Amino acid sequence: MAGHPAGGGVRGVKRSTLELQGFRGLAALSTVVFHIWQQYYTYDAEGSHPPVENPWVGALISLEVIDLFFVMSAYLLTLSYARAALDDGSTRPARVFLFRRAVRILPLYFLAVLVVWASRNPTLPGDWRDLVEHLTFTHVFDRERIFYTLGPSWSLSLEIAFYFTLVALGPLAIRACRKLPTRRARVALCASGCLLLYAAPVAWITFAHYVLGIPHTNWPVYFGPQARFGGFAAGMALAVLLVALGERGRIGGRSVALLSALSLTGLYALSYLSAPENFAHTYYHPLAALLWSVLLFATLHVRQPVSGHALLRARWVTTIGLVSYSLYIVHEPVMLQLDKTGLLPSGPSGFPFAVLIVLAVALPTAVLSYWLIEYPGSLLVRAKDGAGRSREFYSKPSRTPSPEPAR
């Protein structure tokens, strides 16, 4: 992470990395609480009812953070391409990039899918289509099975689509930028590309909702990459912006507080105002992606450490951030198994206790998952060098010339 635009030297790099990990930890906890909230919804002839009939509380818990994950992922992975395009830096070959991402996410994902699918399909052939779609990340296009097996894993389908988009467009952008005479022209080209990638999903959502009249319950229409890529585009734009700025324009405490307050207020307002088919609901995710980007900018592009970010650097938050991917993958199966075995309290009043119980089981499970599966899998990155060649871990013995026979 050397040269990270959000830091002032090595300490700044470490601080910004830690704060992003803190965001992951808080976002992962929010995701767990949100899914338990959904689990405790009740339904009757009058409709659906949340476990707490308070719209202010409901808006806070229902504040979706998936766009934050998308923005952070795109920001971090686009940085090297942005530096290469704007400042003639270097990037890894596509095969190395994809290999590193594969060993990072696939071992745990494939194992979790196989275990959960097998437990729910004890006799063969079972729902083989569900298994195939999850193993190929195509379940996001299946209206019936998009939330099967591992409900939150639909977002990984979008991550995979982003990886291939980045390795396809990134080198093209770099080559195009190197033909331009000025850095300002390079910045304009990259920013325009990000804007186009952001605008395309907004145009699709508008067409699907207002022209075709497709309801929000047609999940593939509004959960697929054609509708959700705006989060990645916002993260790419943030990377371009911070590389373009470099050390210029860093903001102080008051600006950080103002931008953070505005973005968090906007996010809460989106959640509070969102209702099926209204404007806030229809454009929730592209708008949320912009607001999360503003919040990250106010976290990363600062002159000095901000006391208000202490929570992001807290040990318990960054520890959860470290295991956030495992927590994201395992928390739903843990919650459903606890509910199946009767270990979760029933009724809406049981919601707060369910949160404590699920976290008490899911967090240790995520820690074990990280150290037993995620971390060992990530070590496979060392199998290839920066150019994509297989590493030689055992040096060949040097051949010592035989002494000449005495004469």
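None of the values given here were measured: they were computed from a predicted structure.

Undergrad: Would you mind showing me how to read the overall build of the protein here?
TA: For the protein, the count of helices and strands is 17 helices and two strands. Here the protein has a C-alpha radius of gyration of 24 Å; the compact-globule value for 407 residues is 22 Å, and the two agree. With the C-alpha coordinates aligned to their principal axes, the bounding extent of the protein is approximately 105 × 55 × 45 Å. Buried residues in the protein amount to 46% of all 407 residues. As displayed, the protein has an accessible area near 20800 Å², and 65% of this comes from carbon and sulfur atoms.

Undergrad: I tried to follow the environment of V187 on my own but got confused; where do I start?
TA: Tracing the backbone through its elements, the reader meets V187 in helix α7 (residues 183–211). Considering only alpha carbons, one finds V187 and G47, 140 residues apart in sequence, at a separation of 50 Å. Not counting residues up to four positions away in its chain, the partners in contact with V187 are L86, V240 and A244.

Undergrad: For this particular structure, what's the right way to read the state of the cysteines?
TA: Every disulfide links exactly two cysteines, by a covalent bond between their sulfur atoms. Scanning all chains against the criterion turns up zero disulfides. In this structure C177 is not part of a disulfide, and its nearest cysteine sulfur, from C190, lies 3.5 Å away. Free of any disulfide, C194 has its nearest neighbouring cysteine sulfur in C190, separated by 6.9 Å.

Undergrad: I keep staring at unusual backbone geometry and nothing clicks. Help me out?
TA: Cis rather than trans, the peptide bond between L124 and P125 has omega equal to 10 degrees. As for its position among the elements, P125 is in the loop between α4 (94–120) and α5 (128–135). Even without glycine at this site, F137 takes up a positive phi of about 60 degrees. Even without glycine at this site, T149 takes up a positive phi of about 60 degrees. With respect to the helices, strands and loops of the structure, T149 is situated in the loop between α5 and α6 (154–177).

Undergrad: Help me out: how do you make sense of the packing of aromatic side chains in this one?
TA: Given two aromatic rings, one states the distance between the centres and the angle between the planes to describe the pair. Summed over the entire model, instances satisfying the criterion amount to 29 aromatic pairs. Here Y109 and F110 contribute two aromatic rings whose centre-to-centre distance is 5.8 Å and whose plane-to-plane angle is 50 degrees, an arrangement assigned as tilted. Assessed through its relative accessible area of 29%, F110 is described here as partly exposed. Ring centres of Y268 and Y272 lie 6.4 Å apart, and the angle between their planes is 20 degrees; this geometry places the pair in the stacked category. Separated by four residues within a single helix, Y268 and Y272 lie in helix α11 (residues 253–273), roughly one turn from each other. Residue Y272 is classed as partly exposed on the basis of its relative accessible area, which comes to 34%. Linked through ring pairs, F70, Y81, F97, F147, W154, F162, Y163, W219, F223, F229 and F232 together constitute an aromatic cluster.

Undergrad: Any chance you could explain the UniProt feature "domain: Acyltransferase" (unreviewed entry) in the protein here in plain terms?
TA: Within the UniProt annotation, "domain: Acyltransferase" (unreviewed entry) is assigned to residues 19–368. Regarding residues 19–368, the helix share stands at 72% and the strand share at 2%, and the terminal C-alpha atoms are separated by 23 Å.

Undergrad: What is the right way to read a nonpolar patch on the surface from this model?
TA: On the surface, F207, Y210, V211, L212, F279, L287 and L290 cluster together into a nonpolar patch covering about 680 Å² of accessible area. For the nonpolar patch, the elements supplying multiple residues, two or more each, are α7 and α13 (284–300). Of all the elements, α7 adds the most residues to the nonpolar patch, at three residues. Within the secondary structure, F207 is located in helix α7. Note on F207: relative accessible area 39%, which makes it partly exposed.

Undergrad: What's the story with the domain arrangement of the protein in this structure? I'm lost.
TA: How big an interface is tends to be stated in terms of the accessible area lost upon association of its parts. Domain boundaries assigned for the protein yield domain 1 (12–62 + 307–385) and domain 2 (67–305). Between the C-alpha centres of domain 1 and domain 2 the distance comes to 20 Å. Opposite the 36 residues of domain 1 that make contact, domain 2 presents 37 residues. Across the domain 1/domain 2 interface, buried area totals approximately 3200 Å², and carbon plus sulfur atoms make up 72% of it. Counting the contacts that link domain 1 with domain 2 gives one salt bridge. Note that R104 is salt-bridged to E374, the shortest N-O span being 2.5 Å. Our count for the domain 1 to domain 2 interface comes out at seven residue pairs in polar contact (both at pLDDT 80 or more). Looking at the side of domain 1 that touches domain 2, the elements with two or more residues in it are α1 (9–39), α2 (55–61), α16 (324–340) and α17 (351–378). The dominant element in the side of domain 1 that touches domain 2, judged by the number of residues it contributes, is α1, at 10 residues. Residue classes in the side of domain 1 that touches domain 2 are distributed as 18 nonpolar, 11 polar and seven charged.

Rules of the game
- Counting from 1, residues in each chain are numbered in the order their sequence is written.
- Selection of residues for local features in this predicted model requires a pLDDT of at least 70, selection of side-chain atom pairs for listing and counting requires 80 or more, and totals for whole chains, interfaces and linings are taken over all residues.
- Water and hydrogen atoms were dropped before computing side-chain values, which therefore reflect all heavy atoms in the structure.
- Strands here mean DSSP runs of E at least two residues long; helices mean DSSP runs of H or I at least four residues long; both are numbered from the N terminus.
- Atoms counted for the radius of gyration: C-alpha only. Globule rule: 2.2 Å times the number of residues to the power 0.38.
- Buried residues are those whose accessible area, probed at 1.4 Å on protein chains only, stays under 20% of the maximum for their type, while exposed residues exceed 50% and partly exposed ones sit between those limits.
- Values of accessible area rely on a 1.4 Å probe in the Shrake-Rupley scheme; residue burial ignores everything except the protein chains shown.
- For this analysis, residues touch if any pair of their heavy atoms sits within 4.5 Å.
- Two cysteine sulfurs form what is called a disulfide whenever their separation falls within 2.5 Å.
- Note on aromatic pairs: the rings of Phe, Tyr and Trp (six-membered ring only in Trp) are paired at centre separations within 6.5 Å, and the planes decide the class, stacked below 30 degrees, edge-to-face beyond 60, tilted for the rest.
- UniProt positions are given in the numbering used here, feature names are shortened, and annotations may be inferred rather than shown by experiment.
- Surface patches are defined over residues having more than 30% relative accessible area and no salt bridge, joining like charges when they lie within 9 Å and nonpolar side chains (Val, Leu, Ile, Met, Phe, Trp, Tyr) when within 5 Å.
- The rule for a salt bridge is simple: a side-chain nitrogen of Lys or Arg has to be within 4 Å of a carboxyl oxygen of Asp or Glu.
- Where each domain starts and ends follows an automatic or database-derived domain assignment.
- Note on definitions: buried area is the accessible-area loss of two parts on being combined, 1.4 Å probe, summed for both.
- Any N or O atom pair separated by 3.5 Å or less is treated as a polar contact, with the protein-specific requirement of one donor-capable and one acceptor-capable atom, and with residues adjacent in sequence counted only for side-chain atom pairs.
- Throughout this entry, Asp, Glu, Lys and Arg are counted as charged residues, while Ala, Val, Leu, Ile, Met, Phe, Trp, Tyr, Cys and Pro are counted as nonpolar. The remaining residues, Gly among them, count as polar.

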